[in-house]
Amino acid sequence: MSTASVPTTATFARRKPPAHVRRKRFLVGLANYSLVIVAAALFIAPFVFIFLTSLMTNDQALSPHLWPHPFRWQNFVDVFHKSPLWRWTLNSLIYMSLATLGLLLSSIPVAYALSRLRWRGRDAVFIVVLIALMLPPQVSVVPLYVMWAKAHLVGTLWPLIIPNCFGDAFSIFLLRQFFMTIPEEYLDAARVDGCGEFRILTTVVCRLAKPGIAAVALFSILYTFNDFFLPLLYTIDSPSHWTVPIGLAQFRSLHQVQWNLTMAATLLVMAPVVLLFFAAQRVFVEGVTLTGVKG
Amino acid sequence: MADVRYVKATRIYPGTHSPAVDALDLHIQDGEFMVLVGPSGSGKTTALRMLAGLEEVDAGNVLIGGRDVTDLPPKDRDVSMVFQNYALYPYLTVAANIAFPLRMRGVKKSIRDQRVREVAKLLGLEDYLERKPGQLSGGQRQRVAMGRAIIRLPSVFLMDEPLSNLDAKLRVQMRADIAALQADFGVTTVYVTHDQAEAMTLGHRVAVLHEGKLQQCGPPRGLYERPANIFVAGFIGSPAMNLCTLPASNGNVSFGGVDVPVPTGSSNGSYVLGVRPESLEVATEGISAHVEVVEDVGADAFVFCSAEVGGQAMRLVARAEARRAPQQGDRVSLRPRAEEAHFFDPASGERLDRR
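This is a predicted model, so every value here is computed, not measured.

Cut-offs and rules
- Residues numbered from 1 in each chain as written.
- Chains lettered and ligands numbered in written order.
- Predicted model: local features only at pLDDT ≥ 70, side-chain atom pairs only at ≥ 80, totals over all residues.
- Heavy atoms only, no water.
- Contact = heavy atoms within 4.5 Å.
- Buried area = accessible area lost by both parts, 1.4 Å probe.
- Salt bridge = Lys/Arg side-chain N within 4 Å of Asp/Glu carboxyl O.
- Polar contact = N/O pair within 3.5 Å; in protein donor to acceptor, adjacent residues only side chain to side chain.
- Helix = DSSP H or I, 4+ residues; strand = E, 2+ residues; numbered from the N terminus.
- Nonpolar A, V, L, I, M, F, W, Y, C, P; charged D, E, K, R; others polar.
- Phe/Tyr/Trp six-rings, centres within 6.5 Å; stacked < 30°, edge-to-face > 60°.
- Lys NZ or Arg CZ within 6 Å of the ring centre and 35° of its normal.
- Buried < 20%, exposed > 50% of the residue type's maximum accessible area, 1.4 Å probe, protein only.
- Arc of directions from axis to C-beta.
- Core = buried A, V, L, I, M, F, W, Y, C linked by side-chain atoms within 4.5 Å.
- Pairing = 2+ DSSP bridges.
- Disulfide = S-S within 2.5 Å.
- Axes fitted to C-alpha atoms, helices over the stretch in contact; angles between N-to-C directions.
- Expected span 1.5 Å × (residues − 1).
- Bend = angle between axes of the 7 residues up to and from the residue.
- Domains from an automatic or database assignment.
- pLDDT = per-residue confidence, 0-100.

Novice: Now, about the interface of chain B and chain A: what can you tell me, with residues and values included?
Specialist: Counting residues at the interface gives 26 residues for chain B and 17 residues for chain A. Contact with chain A buries area across many residues of chain B, yet Tyr89(B), Tyr91(B) and Met104(B) alone supply 31% of it, more than any other trio. Summed over the shared surface of chain B and chain A, the number is three salt bridges. Close ionic contact of Asp188(A) with Arg49(B) constitutes a salt bridge, the shortest N to O distance being 2.7 Å. At the surface where chain B touches chain A, the tally comes to six residue pairs in polar contact (both at pLDDT 80 or more). Residue assignment for the side of chain B that touches chain A shows that the elements contributing at least two residues are helix 1 (44-52), strand 6 (79-82) and helix 2 (94-104) of chain B. Top contributing element to the side of chain B that touches chain A by residue count: helix 2 of chain B, with four residues. Of the residues contributing to the side of chain B that touches chain A, the split by class is 15 nonpolar, three polar and eight charged.

If you want it as structure tokens, here you go:
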């Protein structure tokens, strides 16, 4: 009996707003979403076009028809037979992973020194980093090319990878901003508990700054995977070292503009990047909001 | 265990001219519980951080157990510290947080685990060892921070306002726990707080700092009964001591119709007279005052009044028995107990002793 007298939330009927309020809310919602839907449609249109073309025959790809007839899934198999896509992907992966690793190993200590250690000239060095950030990569391309040519490394992936092992202004800046958000007390506690600065960096800062480091790694992965300019410059004469973007660019001339295969290859190459973005969306947004820059 | 000595220790932050800690001379005995207290910006936390090695010492020395540690990094000073925000690593479990100092010193895992269990038992944390700090309440986090400090049994415990993030009730409880722990271990402890109730209840001795300078250091009762200057008189005690500048004539100052004899050997002129609220009675005759606020704190009530003393308008606080306290808006007479009054030099602010 006593339990029956205790009201539970389930016994209360949820109050419905009056009909005119509900109608207004529905219409406002519809108006808002319709704008978003139109914007989303505009963004997704090229991807739909790529997808549909990748399923056409080559003749149909050049016709004004938008819908594939018949659906030719074989294109995705043919792509691998008619081009060294695996080789390009492997080159891209080598470039991507070694460059990202080198970039993290070199940028993290610099960012730590610029954010958490007190030393004379720190602010001046940070300004130099900012200036380097504003410099377009094309500015230093000619002297660097001459240097790599003298080292007989043009035509390999090393000129793409090695510079990343000397830090990157954008990554240093982003990591520095992230490290600054870590409360000083964590570092002080580690100092008192017996850590030196290197140990603090590896056991405390890197653990606490995981989202920041992940954001930098993701930016680097995306940049290197999509990079066209530097691979074009250094590997164009060495097809066995082409990365995916260079390979795709050459696709048309190699295969007499087979648009359906080009689109199939594009889709295959795009897929991991899109999946990566969806999987790590939060990290991207965190990285972007922290620096106020666009990725 | 070790004693701690500040010898003319000074810290000037880069870009500033006035020292945050100014030639601090302080000797903390082995096993003593020393509380550094003062308002914001008084230099108490800086002084503690100088001892920890987290802040540079620009002049003077800091010694622990007779060893000059002025230029040693924190890890070589054999101190452990509890921070205001606990600084527990969010990615480590409670057990790993407590064991962190031992792990950094390369202590074997089996010994570490055993010590963690001992400390957890002592602090009542046994059921939480596998949790992350984010899953703990404020009081439990505070205990974990204490655990991390005591697991190594250092020469000196440093505590930087460790209770300021707790609610009032928990703070009182933790205060007692910290006092008990310190008594058990007998480790020299330096405790920073801005809360004078903490300072008075915890410290064997209390050092009052103001604008980087040590104002007075002594047992809590001594500070309360014989404040060394106007600052300490106003800072220690709640509500604060009533302080009014009054002229002397014929070796007395007249306050509320009561003649209070001025210190012997000092010149005639004006004096700062200090009267604690409990030394100011609501009486039938004395200074006429208007009751503005009555704060009822249980057995007692503090009566905040406005009155005219020595020709100037002042606010005076008197303590009264709660049941007999006047009402807001009443007119009352306030009368000091002459023998409990304090005198200070109006120019230097220093205490003047009557006998």
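Read on for the rest.
Novice: Requested: an account of the packing of aromatic side chains, with residues and values cited.
Specialist: Each aromatic ring pair is characterised by the separation of its centres together with the angle its planes make. The full count for this structure, using the stated rule, is 14 aromatic pairs over all chains. Through pairs of rings, three or more aromatic residues link up here, namely Tyr186(A), Tyr89(B), Tyr91(B) and Phe100(B). In this structure, Arg176(A) is placed above the aromatic ring of Phe126(A), and the distance from its NZ or CZ to the ring centre is 3.6 Å.

Novice: Describe in detail helix 3 (residues 75-82) of chain A, supporting the description with residues and values.
Specialist: Residue and element names in this part refer to chain A. Among all positions of helix 3, only Asn 75, Phe 76, Asp 78 and Val 79 are buried. Within helix 3, the buried residues cover an arc of 155° as seen down the axis, which keeps them to one side. On its buried face, helix 3 sits against helix 1 (19-54), helix 4 (85-116) and helix 14 (259-279).

Novice: Give a detailed account of the nonpolar core, specifying residues and quantitative values.
Specialist: The biggest cluster of nonpolar side chains holds 72 residues, and the ones touching the most others in it are Phe179(A), Val204(A), Tyr6(B), Leu36(B), Tyr89(B) and Leu158(B). Top contributing element to this core by residue count: helix 8 (residues 169-180) of chain A, with seven residues. Those residues within four positions of Leu36(B) in sequence are excluded, and the remaining contacts are Leu26(B), Lys44(B), Ala47(B), Leu48(B), Val190(B), Tyr191(B), Val192(B), Thr193(B), Ala207(B) and Leu209(B). If you look at the next biggest cluster of nonpolar residues, it comprises 42 residues, including Ile98(B), Leu166(B), Val187(B) and Ile236(B).

Novice: Describe the sheet that holds strand 13 (residues 258-261) of chain B, listing the residues and the values that go with them.
Specialist: Residue and element names in this part refer to chain B. Taken together, the six strands give an open sheet; going across it, the order is 13-12-11-14-20-21, and neighbouring strands pair in antiparallel fashion. A strand with exactly one partner marks an edge of an open sheet, and here the two such strands are strand 13 and strand 21 (351-352). Relative to strand 21, strand 20 (residues 342-344) runs antiparallel, the two being bridged by two bridges. The residue of strand 21 that forms the bridge with Phe 344 is Arg 351.

Novice: Report on the state of the cysteines, specifying residues and quantitative values.
Specialist: All names here are of chain A. Counting across every chain of the model gives zero disulfides over all chains. No disulfide involves Cys 165; its sulfur sits 17 Å from that of Cys 206, the nearest cysteine. Note on Cys 165: relative accessible area 38%, which makes it partly exposed. For the unlinked cysteine Cys 206, the closest cysteine sulfur is that of Cys 195, found at 13 Å.

Novice: Tell me about the sheet that holds strand 17 (residues 300-309) of chain B, and name the residues and values.
Specialist: Residue and element names in this part refer to chain B. If you trace the five strands from one edge of the open sheet to the other, you get 15-19-16-17-18, paired in antiparallel fashion. Edge strands, defined here as strands with exactly one partner in the open sheet, are strand 15 (280-283) and strand 18 (312-321). Neighbour-to-neighbour, the strand axes of the sheet open up by a mean angle of 45°, direction not taken into account. Relative to strand 19 (residues 331-336), strand 15 is paired through four bridges, and the arrangement is antiparallel.

Novice: Break down the side chain of Asn97(B) for me, with residues and values.
Specialist: Residue and element names in this part refer to chain B. Take Asn 97: it is sitting in helix 2. Residue Asn 97 is classed as buried on the basis of its relative accessible area, which comes to 0%. For Asn 97, the side chain forms a polar contact with the main-chain oxygen of Leu 92, separated by 3.2 Å.

Novice: Got a sec to walk through helix 14 of chain A? Specific residues and values, please.
Specialist: Residue and element names in this part refer to chain A. For helix 14, spanning 21 residues, the distance from its first C-alpha to its last is 30 Å, which sits close to the expected 30 Å at 1.5 Å a residue. Of all bends in helix 14, the biggest is about 30°, found at Met 270, and the proline Pro 272 comes one to four residues later. Taken together, the buried positions of helix 14 are occupied by Asn 260, Leu 261, Thr 262, Met 263, Ala 264, Ala 265, Thr 266, Leu 267, Val 269 and Val 273.

Novice: I'd like to hear about the domain arrangement of chain B, residue by residue, with values.
Specialist: Residue and element names in this part refer to chain B. One can read the domain layout of chain B as domain 1 (4-230) and domain 2 (240-352). Taken together, the two surfaces of domain 1 and domain 2 that pack against each other cover about 770 Å², and 53% of this comes from carbon and sulfur. Inspection of the domain 1/domain 2 interface yields zero salt bridges. Taken together, domain 1 and domain 2 are joined by five residue pairs in polar contact (both at pLDDT 80 or more). The element best represented in the side of domain 1 that touches domain 2 is helix 7 (residues 220-225), accounting for three residues.

Novice: Before we move on, can you summarise the pairing of strand 17 of chain B with the specific residues and values?
Specialist: All names here are of chain B. Counting buried positions along strand 17 gives seven out of 10 residues, so the element sits mostly inside the fold. Note: strand 16 (residues 287-296) against strand 17, seven bridges, orientation antiparallel. Bridging across to strand 17, Glu 295 finds its partner in Phe 302. Here strand 16 folds back onto strand 17 in antiparallel fashion, the turn holding three residues, of which Gly 298 has a positive phi close to 110°. Alignment of strand 17 against strand 18, held across 10 bridges, turns out to be antiparallel. Within the sheet, the bridge partner assigned to Ala 307 lies in strand 18 and is Met 314.

Novice: Describe the confidence of the model for chain A, with residues and values.
Specialist: Residue and element names in this part refer to chain A. Taken over all residues, the pLDDT of chain A has a mean of 85, while the share at 70 or more is 91%. Under a pLDDT of 50 for its full length, residues 1-7 has, in the predicted model, one contact with residues more than four places off or in other chains. Predicted confidence is poor over residues 291-295, with pLDDT under 50, and the contacts of this stretch with residues over four places away or in other chains come to six contacts.

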